[in-house]
Amino acid sequence: MVFSRFERPYEDNPAPRHALSVENVSLRFGGVKALSDVSLDVQPREIFAIIGPNGAGKTSLLNCICGLYHPQEGRILYGDVNLVQTPPHRLAHLGIARAFQNIELFTHMTVQDNLMLGRHIHMKKNILDALLYWGRGQREEIEHRRFVEHVIDLLEIQHIRKQLVGSLAYGLQKRVELGRALCINPGLILLDEPMAGMNVEEKKDIVRYVLDINEEWGVTIVLIEHDMGVVMDISDRVAVLDFGILIGLGTPDEVRNNPTVIQAYLGEEGG
Amino acid sequence: MPSQSGIYHEDYASDMQLRPTTMQRIRQIAIVAAVLLMPFILGSNELRIVNQVLIAAVGAVGLNILTGYTGQISLGQGAFLAIGAYGCGLMMAFFNVPWPIALLLGASITAIIGGFFGLPSLRLKGLYLAVATLSAQVIVEWVIKRWDPIDGELDGRTTDALNIPSNLLVNWQWVDANRWLATVGIVILIGAVLWVTWRLQSNFQRDRFMAYRYLLYVVVGLIVVFLSGLIVILQTPMLSLQDVFTEDWRLNGNEYAFYCFAMPVTILVIMAATNLFRTHIGRAFIAIRDQDIAAEVMGVNIFRYKVLSFMVSSFIVGLAGGMLALHSTAISFERFTIEVSIEYLAMIIIGGLGSVSGSVYGAAFIVILPELLRTLGRTIAGTDPASLSQFNRILPFAQQGVFGAAILITLIVESGGIRKIWQNTKDYFRLWPFEY
Ligand SMILES: Nc1ncnc2c1ncn2[C@@H]1O[C@H](COP(=O)(O)OP(=O)(O)OP(=O)(O)O)[C@@H](O)[C@H]1O
Ligand SMILES: [Mg+2]
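**Student:** Explain the overall build of chain A to me, and be specific about the residues and the numbers.
**Tutor:** A count of helices and strands for chain A gives 10 helices and 10 strands. Relative to its length of 271 residues, chain A is compact, with a C-alpha radius of gyration of 19 Å against a globular reference of 18 Å. Of all 271 residues assigned to chain A, the portion counted as buried reaches 58%. In chain A, the share of contacts with a sequence separation of at least 24, taken over all contacts with a separation of at least 6, comes to 70%. Computed over 27 positive and 36 negative side-chain charges, the separation of the two mean positions in chain A equals 6 Å.

And the structure:
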């Protein structure tokens, strides 16, 4: 079977795409209010950016969505599932994938194995099949290897397939992390600063992949990014956080002209 | 396993084979040859050490799955070995269960109890979990010492040691009931073992020719071993099978018989462990070790896989315990103390954490080293009784010292262990004389 480079692969049912709605979420760490009464919604197939200065609570919000942090108030709905009560390992089953800000790859595995781990939830064979590695168990590995190869082609990382992730350059690691999330074949993907620390060329590549994933695979994208140029360019809508408070929400143009946002950003630059 | 450059795979099945290079195939054949020839080259005494290495290798592979691959430090290795050994021993001693079944039952019990001691891993990590596994050590030791029914007898006195009945490699009593049925059964059994071995060797999947040749090696090899073994050991020409597997073929008396049992078991365990880490279950174990939060977000139910790792690991360790019991005339708790747990940790550290082959190297190193020191010391001490007694006094300290030094050197020089050193050496020579 041959796929065009961008086509979403086959067989595997793509996860259903739901709207994500964050409703009045508040999160406190002792005295620190990381999020105060944040409400926003992400529509299916949208590219939704979250911006804000350092420490604004962007990562914390993603962690709440993933079930890693438990907000004291509010709820987060994906379709009709409340993610606040969902353990993290159920996320991938719902079709939600995540790439982390500070790379959290499996450093002692090869690139290929890291991506194969993204296929974990789709693999059903039991421990006996695994020990024998024959018949069902082996066929399953090969099937999923095909999906992984597809992602490898999409992200143009063929040349590093068999390398240990720990030995790769930072930019490539970021790309592998994106690939691992893609291997879940998600309906919604959460990207935490996927272009941080990259040069212009590398950023361009990532932007292209993100757009491909969104347009060709139809994946909803939630993107945290500091590069305003990129954000304003590719996002459908933008949310602005500052000190855990949502100070702006709308299309890039609306946000750009929002006085509170301008105030916050100018204030930061001034101080 | 990194494949060599210049080799192109046409499909994923071929790319996912285990040993793609000719060199590695040659090495594999060399290993098969060594395995088959060992009993003839080595005397009974050396073969006893080889058998101890095999038992330790199985135990080390088991521990490495849990500690090296899944990253859960266990100090309960001794206890799990004990459960396997006592489980197997009790089945045979009190319920007359045939040894192969007793062995598997013992291992299964160990797996269940091991899974139970894995439950704290829900909340505990690292050293805290290690201390929790230590409780297995304490509890099992206490049970073995206090529980009367499992005491044994020595010269009419009860002891804490459990006597293990002698087991024949092939017990004709199980077979005698219906000779013809039994013959068919044995043929099927041998066929099944060969078949499973072959399937486990799935690297030959694509290459039928190689597969048949490999099978031929195994079959011819087995026939050669058995026939020449019979001739050499019994020094009689041809005998019927039943005459061969007599009293002399006790697993705990005849090192040759034990080797015939232990070597295939070890090979199966090594293959199964290797296969495990080619699949999603093995990858989940490694993922938990490397980045548990990321693994969880990728959909790995961490708790479930930790407990599974405990169970798989304990099953294999229990198998090693059972082998230990079959190798002995009696077992007692001294052989399963906390020192044993530490010794096994040393094996996998020296051999290489997270490596199946490393576990085997480490086991060989830790078992053979003290014996080597003993032999060396004896040679130096000569026959003079004064220096001999002095030697006997020094020996334990020398053994401990070298043991500790080996761990230190591994940790300082190459934390990847023997396996990594071997890999580096190979890389060096492959590129030699050019360094890049
Ligand atoms: N686990 C935690 N324990 C205590 N405080 C935390 C924790 N995680 C985040 N915080 C606090 O919450 C606030 C928001 O942090 P967060 O990481 O969400 O910011 P961010 O917007 O992602 O910043 P950056 O742009 O630097 O990534 C910060 O003040 C941070 O110190
Ligand atoms: Mg952040």
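That was the structure; now back to the text.
**Student:** Kindly report on the layout of surface pockets, identifying the contributing residues and their values.
**Tutor:** Residues and elements named next belong to chain B. Reported here for the second largest pocket is a volume of approximately 790 Å³. In terms of lining residues, the second largest pocket is bounded by 26 residues, among which E343, M347, I366, V367 and P370 are the most central. Elements with a minimum of two residues in the lining of the second largest pocket: helix 3 (44–69), helix 14 (302–327), helix 15 (338–351), helix 16 (356–381) and helix 17 (385–413). For the lining of the second largest pocket, a count of residues per class yields 14 nonpolar, 6 polar and 6 charged.

**Student:** With reference to specific residues and values, describe the coordination of the magnesium ion (ligand 2).
**Tutor:** All names here are of chain A. Every protein donor of the magnesium ion (ligand 2) is accounted for by T59 (OG1) and Q101 (OE1), and the metal-donor separations fall at 1.8 to 2.1 Å. Linking T59 in helix 1 (residues 58–66) with Q101 in the loop between strand 6 (96–99) and helix 3 (111–118), this pair joins segments that are 42 residues apart in sequence. For T59, a relative accessible area of 25% translates into the label partly exposed.

**Student:** Describe helix 7 (residues 200–216) of chain A, listing the residues and the values that go with them.
**Tutor:** Residue and element names in this part refer to chain A. The terminal C-alpha atoms of helix 7, which comprises 17 residues, lie 24 Å apart, in line with the 24 Å expected from a rise of 1.5 Å per residue. When helix 7 is considered as a whole, its buried residues turn out to be K203, I206, V207, Y209, V210, D212, I213 and N214. Summarising the contacts, the buried residues of helix 7 are in contact with strand 3 (47–51), helix 5 (136–155), helix 6 (170–182), strand 7 (188–192), strand 8 (220–224) and helix 8 (228–234). A positive backbone phi angle near 70° is found at G218, which sits one or two residues after helix 7.

**Student:** Tell me about the sheet that holds strand 1 (residues 20–29) of chain A, and please be specific about residues and values.
**Tutor:** Residues and elements named next belong to chain A. Strand order in the open sheet made by the 4 strands is 2-1-4-5, with antiparallel pairing throughout. Lying at the two open borders of the sheet, with one neighbouring strand each, are strand 2 (32–42) and strand 5 (81–82). Here strand 4 (residues 73–78) pairs with strand 5 via 2 bridges, running antiparallel. Residue pairing in the sheet places L77 in a bridge with N82 of strand 5.

**Student:** Could you give an account of a nonpolar patch on the surface, with specific residues and numbers?
**Tutor:** Together, L408(B), I409(B), L411(B), I412(B) and V413(B) line one region of the surface with nonpolar side chains, adding up to about 550 Å² of accessible area. On the secondary structure map, I409(B) appears in helix 17.

**Student:** Could you give an account of the site of ligand 1, naming the residues involved and the relevant values?
**Tutor:** Residue and element names in this part refer to chain A. In the vicinity of ligand 1, 13 residues are found, and the nearest of them are G55, K58, T59, S60 and Q101. Contacts to ligand 1 include G57, whose backbone N or O atom sits 3.0 Å from an oxygen atom. Contact distances for ligand 1 include 2.8 Å between an oxygen atom and a side-chain N or O atom of K58. When ligand 1 is considered free in solution it has 630 Å² of accessible area, and contact with the protein chains removes 64% of it. Per-element accounting of the shell around ligand 1 gives the leading share, 3 residues, to helix 1.

**Student:** A description of empty space enclosed by the protein should follow, citing residues and the corresponding values.
**Tutor:** The method is simple in principle: a probe with the dimensions of a water molecule rolls over the atoms, and the space it marks as empty is what remains. All names here are of chain A. All told, the structure shown has 2 cavities of 30 Å³ or more when counted by the stated rule. A volume near 30 Å³ is recorded for the second largest cavity. Around the second largest cavity, the lining residues are A99, F100, K174, E177, L178, L191, D192 and P194. When residues of the lining of the second largest cavity are traced back to their parent elements, those giving at least two are helix 6 and strand 7. The dominant element in the lining of the second largest cavity, judged by the number of residues it contributes, is helix 6, at 3 residues.

**Student:** An account of the confidence of the model for chain B is needed here, citing residue identities and associated values.
**Tutor:** Residues and elements named next belong to chain B. Across chain B, the average pLDDT comes to 81, with 73% of residues at 70 or higher. Within the model, pLDDT remains below 50 along residues 1–6, and this stretch shows 6 contacts once partners closer than five positions in the same chain are excluded. Long-range and interchain partners of residues 202–206, a stretch whose pLDDT sits below 50, account for 21 contacts in this model, where long-range means more than four residues apart. The complex model carries a pTM of 0.85, and its ipTM stands at 0.90.

**Student:** I'd love a proper account of the interface of chain B and chain A, names of residues and values included.
**Tutor:** Across the boundary between the two partners, chain B contributes 36 residues, which contact 43 residues of chain A. Here chain B and chain A share an interface that buries about 3600 Å² over both sides, 66% of which is from carbon and sulfur atoms. Linking chain B to chain A there are 2 salt bridges. Its salt-bridge partner being E141(A), residue R283(B) comes within 3.0 Å of it at the nearest N-O pair. The interface formed by chain B and chain A includes 6 residue pairs in polar contact (both at pLDDT 80 or more). At 8 residues, helix 12 (residues 280–290) of chain B tops the list of elements feeding residues into the side of chain B that touches chain A.

**Student:** Hey, could you go over the packing of aromatic side chains for me, with residue numbers and the actual values?
**Tutor:** Aromatic rings in a pair are described by how distant their centres are and how their planes are angled relative to each other. All names here are of chain B. In total, this model carries 12 aromatic pairs over all chains according to the counting rule given. Between F258 and F261, the ring centres sit 5.3 Å apart and the planes meet at 75°, which makes this aromatic pair edge-to-face. Of this pair, F258 and F261 are both found in helix 11 (residues 255–276), 3 residues apart, which corresponds to roughly one turn of the helix. By relative accessible area, which is 0% here, F258 ends up buried.

**Student:** I'd love a proper account of the pairing of strand 4 of chain A, names of residues and values included.
**Tutor:** Residue and element names in this part refer to chain A. For strand 1 and strand 4, the ladder comprises 5 bridges, and the chain directions are antiparallel. What sits directly across from S26, in strand 4, is E73. Between the end of strand 4 and the start of strand 5, which pair antiparallel, lie 2 residues, with G79 showing a positive phi angle near 65°.

How each quantity is defined
- Residues numbered from 1 in each chain as written.
- Chains lettered and ligands numbered in written order.
- Predicted model: local features only at pLDDT ≥ 70, side-chain atom pairs only at ≥ 80, totals over all residues.
- Heavy atoms only, no water.
- Helix = DSSP H or I, 4+ residues; strand = E, 2+ residues; numbered from the N terminus.
- Rg over C-alpha atoms; globule rule 2.2 N^0.38 Å.
- Buried < 20%, exposed > 50% of the residue type's maximum accessible area, 1.4 Å probe, protein only.
- Contact = heavy atoms within 4.5 Å.
- Lys, Arg positive; Asp, Glu negative; His and termini not counted.
- Charge placed at Lys NZ, Arg CZ, Asp CG, Glu CD.
- 1 Å grid on protein atoms, 1.4 Å probe; cavity = no way out; pocket = protein on both sides within 12 Å on 5 of 7 lines; lining within 4 Å.
- Points joined across faces, edges and corners; volume = space filled by probe spheres on them.
- Nonpolar A, V, L, I, M, F, W, Y, C, P; charged D, E, K, R; others polar.
- Donors = N, O, S within 2.8 Å, 3.2 Å for Na, K, Ca; no water.
- Expected span 1.5 Å × (residues − 1).
- Pairing = 2+ DSSP bridges.
- Patch = residues over 30% accessible without salt bridge, like charges linked within 9 Å, V, L, I, M, F, W, Y side chains within 5 Å.
- Areas by Shrake-Rupley, 256 points an atom, 1.4 Å probe, with all protein chains shown as cover.
- Salt bridge = Lys/Arg side-chain N within 4 Å of Asp/Glu carboxyl O.
- Near = heavy atom within 4 Å.
- Polar contact = N/O pair within 3.5 Å; in protein donor to acceptor, adjacent residues only side chain to side chain.
- pLDDT = per-residue confidence, 0-100.
- Buried area = accessible area lost by both parts, 1.4 Å probe.
- Phe/Tyr/Trp six-rings, centres within 6.5 Å; stacked < 30°, edge-to-face > 60°.

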